[in-house]
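# Observations on the three-dimensional arrangement
This is what each chain is made of:
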Amino acid sequence: MFGDMEISIVIILFAFGFLGAFINSIVGGGGLITLPALLFVGLPPATAIATNKLAATLGNLTSMLTFLRAGKIDLKLLGPIVPLVFIGSMVGAFTVNFISPNLLKPLIFIMLVVVLIYTIIKKDWGSIEKRREMTKKRKVLFISVLIAIGFYDGFLGPGTGSFIIFAFVLMGFDFIQASGNAKLLNFTSNFAALIMFLFLDAVNYSYGLIMGVAMIMGAFAGAKFALGRGTKYVRIIFIVVTSLLILKNGYDLFMEKIH
C-alpha cells in the first residue's frame, strides 16, 4: 500500500496535511492547503477531492473531540441538527455526479466577500457571547442555512468551516464557541461525503491515510492554539483565511472566463 511511494510525496502530504489541519481546526479553510497538495502529487481532481475528504474527516474528528472536551460544543442545540446536515452533505456528494460544481462558484465568491466585509466592519463581533433568542422562525432559518452549508460541503467544499462559523457568530456565539460547534457539523458533513465517495470507489487510501495522520496532529495543535489564545486571535485568522478563499475563488473564476 505504501511500499513504492516516494519519500518526497510522503513529506509533501505530511507537511501540508499538518498545516491545513492546523488552520482548519481554528477557522476552517484547510482545503485551500490540502487539496492543492493532493493535486500537486499527481492525483486527478475527482480523486483528490475524495481523498481530501478522508484526510479531513480524521482531522475534523480530532479537533471536534478537543473542543468537546473543553466544553465548547453545544450538544443540546446540535443534536437534532447533525442528522440533517449529514443528509444534506450526502445529497450534495451525490448531486456532484450530475451537476457541475462550477455553477456555484460565482455565488460562493459573493458570499465570501459579504462574510469578510461584515466581519471587518463589526470589530467587536464574536468577541463575547450574546446569544439571540431562538424563536421558531429564527430556528427554522438557522437550521436551513446549516443544511444548505452541509449540501455545499458534499457538493464542492472550500470555505465550509468559515460559513458555519459565520452562521453561529450571527446567532450570538463567540468565535471560540462558533469554531467548536462548527467542528462537529464539519466532521458530520465530511463523514457523510466520505461515505458517498467510498461507495463510488474514488478514494486513494494510501495518500489519504498519510495526510490523515498529519491532519490528526495538526488539528490537535490548532484546536489547542484556538482554546489557549482566545477569540481575538481566532477572529484575525478567520479574516485572513476568508480573504485567501476570496482570492482563490476569484482567481478560479477569472481563469475560467479567459479560457
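The preceding data block contains the structure.
This text gives an overview of the structure that appears in the document. Along each chain, residues carry numbers from 1 onward, in the same order as the chain's sequence is written. For this predicted model, a pLDDT threshold of at least 70 governs which residues receive local features, and a threshold of 80 or more governs which side-chain atom pairs are given and counted, while totals over whole chains, interfaces and linings are taken from all residues. Excluding hydrogens and water, the side-chain figures rest on all heavy atoms present in the structure.

## Structural notes on the environment of I164
Its location among the elements puts I164 in helix α8 (residues 160–170). Sequence spacing of I164 and A182 is 18 residues, and the spatial spacing of their C-alpha atoms is 5.5 Å. Only DSSP runs of H or I covering at least 4 residues are called helices, and only runs of E covering at least 2 are called strands; the numbering of each starts at the N terminus.

## Some words on helix α6 (residues 105–121)
What a helix should span is 1.5 Å times the count of its residues minus one. For α6, with 17 residues, the first-to-last C-alpha span of 25 Å sits near the 24 Å given by 1.5 Å per residue. Residues of α6 that are buried: K105, I108, L112, V115, L116 and T119. Down the axis of α6, the smallest arc covering the buried residues is 95°, so these residues share one side. Looking at α6, the residues exposed on the side facing more than 90 degrees away from the buried face are I110 and I121. Residues count as neighbours in contact if any of their non-hydrogen atoms are within 4.5 Å of one another. Looking at the buried residues of α6, the elements they touch are α7 (136–155), α8, α9 (175–199) and α11 (231–258). Only protein chains enter the accessibility calculation, which uses a 1.4 Å probe. A residue is then buried if its area is under 20% of the maximum for its type, exposed if over 50%, and partly exposed in between. The arc under discussion is defined with respect to the helix axis, by the directions toward the C-beta atoms.

## Topic: the environment of L75
Turning to its location among the elements, L75 is positioned in helix α4 (residues 75–78). Given a relative accessible area of 49%, L75 falls into the partly exposed group. Taking the C-alpha atoms as reference points, L75 and L184, separated by 109 residues in sequence, lie 9.1 Å from one another. Apart from the residues lying within four places of it in its own chain, the contact partners of L75 are L68 and L184.

## Observations concerning the packing of α6 against α8
Only the stretch in contact is used when a helix axis is fitted, and all axes are lines through C-alpha atoms; the angle between N-to-C directions ranges over 0 to 180 degrees. Where α6 contacts α8, the two axes come as close as 11 Å, and the packing angle between them is 45°. Taken together, the axis directions place α6 and α8 in an arrangement best described as oblique. When you trace α6 past α8, the crossing you get is left-handed. Judged by residue contacts, I108, M111, L112, V115, Y118 and T119 of α6 engage F163, F166 and L170 from α8. To sort the angles, those under 35 degrees are grouped as roughly parallel, those over 145 as roughly antiparallel, those from 65 to 115 as roughly perpendicular, and the leftovers as oblique. Crossings are sorted by hand: turned counterclockwise from the far helix by less than a right angle, the near helix makes the crossing left-handed, and turned clockwise it makes it right-handed.

## A few points about the packing of aromatic side chains
Pairing of aromatic side chains requires ring centres within 6.5 Å, counting the rings of Phe and Tyr and the six-membered ring of Trp. Pairs whose planes differ by under 30 degrees are stacked, by over 60 edge-to-face, and all others tilted. Overall, the coordinates contain nine aromatic pairs when judged by the stated rule. Consider the rings of Y152 and F163, whose centres lie 6.0 Å apart with planes at 75°: the pair is edge-to-face. In this pair, Y152 is assigned in helix α7 and F163 in helix α8, connecting sequence segments eleven residues apart. Through a chain of ring-to-ring contacts, three or more aromatic side chains come together here, namely F22, F225 and Y233. Two conditions define a charge located above a ring, namely a distance within 6 Å from the ring centre to NZ of Lys or CZ of Arg, and an angle within 35 degrees of the ring normal. The ring of Y233 has R229 sitting right over it, with the charged end atom 5.2 Å from the ring centre.

## Notes on the side chain of S162
In this fold, S162 is placed in helix α8. Residue classification places S162 among the buried residues on the basis of a relative accessible area of 2%. Looking at S162, its side chain comes within polar contact range of the main-chain oxygen of V27, at 3.3 Å. Not counting residues within four places of it along the chain, the set of residues in contact with S162 comprises V27, G28, G29, F238, V241, T242 and L245. In protein, a polar contact requires one atom able to donate a hydrogen and another able to accept it; more generally it is a pair of N or O atoms within 3.5 Å, and residues adjacent in sequence count only if both atoms are side-chain atoms.

## Description of α9
The end-to-end C-alpha distance of α9, which contains 25 residues, comes to 35 Å, matching closely the 36 Å that a straight helix rising 1.5 Å per residue would cover. The buried fraction of α9 is high, at 21 of 25 residues. Here α9 starts with a cap whose side-chain oxygen sits 3.0 Å from the backbone nitrogen of I176, and that cap is D174. Remark: D201 follows α9 within two positions and exhibits a positive phi of approximately 55°.

## Remarks on the pattern of salt bridges
We define a salt bridge as a contact between a side-chain nitrogen of Lys or Arg and a carboxyl oxygen of Asp or Glu at a distance within 4 Å. Applying the stated criterion across every chain yields a total of two salt bridges. Taking the shortest distance from any N to any O, the salt bridge between D153 and K53 comes out at 2.8 Å. You can see D153 sitting in helix α7 and its partner K53 sitting in helix α3 (residues 45–69), a full 100 residues away along the chain. As a salt-bridge pair, D252 and K248 come within 2.7 Å of each other at their nearest N and O atoms. Taken together, the residues span about one helical turn, with D252 and K248 both in helix α11 at a distance of four residues.

## Notes on the packing of helix α5 (residues 82–95) against α7
Contact geometry of α5 with α7 gives a least axis separation of 6 Å together with a crossing angle of 35°. Of the two elements, α5 crosses α7, and the hand of that crossing is right-handed. Where α5 approaches α7, its residues L84, V85, G88, S89, V91, G92, A93 and T95 are matched on the opposing element by I143, L146, I147, G150, F151, G154 and F155. Split into classes, the residues belonging to the contact of α5 with α7 amount to nine nonpolar, six polar and no charged. Note on residue categories: nonpolar means Ala, Val, Leu, Ile, Met, Phe, Trp, Tyr, Cys or Pro, charged means Asp, Glu, Lys or Arg, and polar means any other residue, Gly included.

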